Amino acid sequence: MLNDTSKSAAEREVLFGAAAELHQVVGWIAYDIGNAGEGQRYLREALKLAQDAGDDALEAEMLAAMSHHAAFNQAHGVAVDMALAARRTAKRSGLVALQAEAAVLEAHGHALQANTSACFAALRDAESAFERFVPGSGPTWLTYFDNAYLAAKFAHTFRDLGRPVEAERFARQSLGMSDGYERGRLFNTALLASTLADQGRLDEACKVAATAVKMSEDVRSVRGGAYLADVGRRLAVHRGDRRVRSLYTQMTAAGVPTPV
């Protein structure tokens, strides 16, 4: 159908946009089962299809997804570059939700590079854009974006800046998400546990992490396992504590690797 040149320009734009969305879904699935290479390939194809559709919003969304993937896979420079490209395209789209998302992804990339000044500048831009956001506005594929989603990105950013107190505040806000996002709830619960671990609050960190481990029984996700393993690493300095040992036992039973 994409190769059918007899269709009108409007029909072809709709087809290319739909194909871009499908490729994005497959890219996220590949990412979530731990196949980073396939995830990148599908997102690159999704980006090209969005460009062929002439849809700036979809193009910005694909670039933002690529930034997210790069940050998770420790490609910090790529994460910043993709976020900057997303910001330029999001501005053309006129959608403030995408502008806020792209800005906070840039901030996270800068945090991973320990570039504090650039990080805070991007965070201010994200806040400014979000102040103009009207819930429910934008295309249907953007309905995931809300205060809880943005709070999770802020939490990741502050945590990776080495500011766990601020990260905890946003991580708690991120748990106010809508029903139906159980995968995201697992990620954000593990995120909260990591911020508590960084503060040395062992009792709370272990209890929240144990909750996330329990949640992982119903959510199959390599990414979720990675977030939980990260909590374990942050608690490794306290591995002799009985609460941490108990948590490690629960993680091992759930198939989550723990520090030796």
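Quick summary incoming for the structure in this document. (Residues numbered from 1 in each chain as written. Predicted model: local features only at pLDDT ≥ 70, side-chain atom pairs only at ≥ 80, totals over all residues. Heavy atoms only, no water.)

### Section: the overall build of the protein chain
Note the threshold: The helix count covers DSSP runs of H or I at least four residues long, the strand count covers runs of E at least two residues long, and both are numbered beginning at the N terminus. For the radius of gyration, the atom set is restricted to C-alpha positions; the globular benchmark scales as 2.2 Å times the number of residues to the power 0.38. By definition, residues are in contact when any of their heavy atoms lie within 4.5 Å. Surface accessibility in these figures is a Shrake-Rupley result with a 1.4 Å probe; residues are shielded only by whichever protein chains are displayed.
The number of helices and strands found in the protein chain is 12 helices and 0 strands. Ordered by position in the sequence, the α and β elements of the protein chain form the string α-α-α-α-α-α-α-α-α-α-α-α. Computed over its C-alpha atoms, the radius of gyration of the protein chain comes to 19 Å, within 12% of the 18 Å expected for a compact globule of 260 residues. Expressed as lengths along the three principal axes of its C-alpha atoms, the size of the protein chain is roughly 70 × 35 × 30 Å. Contacts spanning at least 24 positions in sequence make up 61% of the contacts within the protein chain whose residues lie at least 6 apart. If you sum the accessible surface of the protein chain, you get close to 12300 Å²; carbon and sulfur atoms cover 53% of it.

### Some thoughts on the pattern of salt bridges
Keep this limit in mind: Here, a salt bridge means any side-chain nitrogen of Lys or Arg that lies within 4 Å of a carboxyl oxygen of Asp or Glu. Exposure classes here rest on a 1.4 Å probe applied to the protein chains alone. A residue is buried below 20% of its type maximum, exposed above 50%, and partly exposed in between.
Within the structure shown, the criterion is met by 24 salt bridges. Residue D230 pairs with R159 through a salt bridge whose shortest N-O separation is 3.6 Å. With D230 in helix α11 (residues 222-234) and R159 in helix α7 (residues 147-160), the pair connects residues that are 71 residues apart, well separated along the chain. Per residue, the accessibility class of D230 equals that of R159, and both read buried.

### Re the side chain of E59
Tracing the backbone through its elements, the reader meets E59 in helix α3 (residues 56-72). When its relative accessible area of 12% is taken as the criterion, E59 is described as buried. Apart from the residues within four sequence positions on either side, E59 is in contact with L47, A50, Q51, T89 and R92.

### Observations concerning the packing of aromatic side chains
Which entries qualify depends on this criterion: Two aromatic rings, drawn from Phe, Tyr or Trp (for Trp, its six-membered ring), form a pair once their centres lie within 6.5 Å of each other, and the interplanar angle then sorts them: stacked below 30 degrees, edge-to-face above 60, tilted otherwise. Lysine NZ or arginine CZ positioned within 6 Å of the ring centre and within 35 degrees of the ring normal marks a charge as sitting over the ring.
A full pass over the atoms with the stated rule returns 12 aromatic pairs. Judged by centre distance (5.9 Å) and plane angle (90 degrees), the ring pair of F72 and Y227 falls under edge-to-face. Pair noted here: F72 is in helix α3 and Y227 is in helix α11, with a separation of 155 residues, a long-range link. With a relative accessible area of 27%, F72 lands in the partly exposed category. In this structure an aromatic cluster arises from ring pairing among W28, Y31, F72, F187 and Y227. The ring of Y42 has R41 sitting right over it, with the charged end atom 4.6 Å from the ring centre. Across from the ring centre of F170, 4.5 Å away, lies the NZ or CZ of R169, which sits over that ring.

### Some thoughts on helix α1 (residues 9-32)
For an α-helix, 3.6 residues make a turn, and residues three or four places apart therefore share a direction. Threshold: Expected helix span is taken as 1.5 Å per residue step, with the number of steps being one fewer than the number of residues.
Between the first and last C-alpha of α1 there are 35 Å, a value that for 24 residues agrees with the 34 Å anticipated at 1.5 Å per step. Where the residues of α1 are buried, they touch α2 (36-53), α3, α9 (182-198) and α11.

### Things to note about the environment of H238
Relative to the helices and strands, H238 resides in the loop between α11 and α12 (242-253). Judged by its relative accessible area of 27%, H238 falls in the partly exposed class. Sequence-wise, H238 and T5 are 233 residues apart; in three dimensions their C-alpha atoms are separated by 64 Å. Look past the residues within four positions of H238 in its chain and what remains in contact with it is G200, L202 and V244.

### Details of a nonpolar patch on the surface
To be explicit about the condition: Here the term patch refers to residues with relative accessible area over 30% and no salt bridge, with like charges joined within 9 Å and nonpolar side chains (Val, Leu, Ile, Met, Phe, Trp, Tyr) within 5 Å.
On the surface, V25, I29, I33 and V222 cluster together into a nonpolar patch covering about 370 Å² of accessible area. Tracing the backbone shows I33 in the loop between α1 and α2. Judged by its relative accessible area of 57%, I33 is exposed.

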